[in-house]
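Here is what each chain is made of, one letter per residue.
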Amino acid sequence: MAEATKTFQDAAAGFDAGDGCPKAAAECWEQMKAVVEPARELRKAVNADKQTGPEFYSPAYALLDNMADGMDVGEDAFSNRPAVLGSAHDLSDWLDEHPTQ
């Protein structure tokens, strides 16, 4: 869990340290994918954490679901950025506030 958390948070911080998303639509897909890939690995780690359990992770699952829903659009449609990137930031904050180890 700790490794997946760090990898995800590093990806979210890397997005913040970069140039962010351009103001034009359809130009942020690669940045969004770079944040979502480690989020998928984080979901696997959360699913495998039998010690803590799903109730504890309920808010994290909701944010991971928002990210997945945003990616289901299949492109950067500008309107899905908050679902993907906003949820990523919220999830990173939640992970800081709810350490598991």
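None of these values were measured; they are calculated from a predicted model.

### Quick look at the nonpolar core
No. 1: Core analysis: the largest hydrophobic core is formed by 25 residues, its most contacted members being Phe8, Leu42, Met67 and Leu91.
No. 2: When contributions to this core are tallied by element, the ones reaching two or more residues are α1 (2–17), α2 (29–48), α3 (58–71) and α4 (81–97).
No. 3: Counting residues per element, this core draws most heavily on α2, at seven residues.
No. 4: Once residues lying within four places of it in the same chain are set aside, the contact partners of Phe8 are Val35, Pro38, Ala39, Leu42, Met67, Ala88, Leu91, Ser92 and Leu95.

### Examining unusual backbone geometry
No. 1: The residue Ala26 is not glycine, and still its phi comes out positive at about 70°.
No. 2: Secondary-structure assignment places Ala26 in the loop between α1 and α2.
No. 3: One non-glycine residue, Phe78, lies in positive phi territory at about 65°.
No. 4: As for its position among the elements, Phe78 is in the loop between α3 and α4.

Rules used throughout
- Residues numbered from 1 in each chain as written.
- Predicted model: local features only at pLDDT ≥ 70, side-chain atom pairs only at ≥ 80, totals over all residues.
- Heavy atoms only, no water.
- Core = buried A, V, L, I, M, F, W, Y, C linked by side-chain atoms within 4.5 Å.
- Buried < 20%, exposed > 50% of the residue type's maximum accessible area, 1.4 Å probe, protein only.
- Helix = DSSP H or I, 4+ residues; strand = E, 2+ residues; numbered from the N terminus.
- Contact = heavy atoms within 4.5 Å.

Read these as layout, nothing more, since geometry by itself doesn't imply function.
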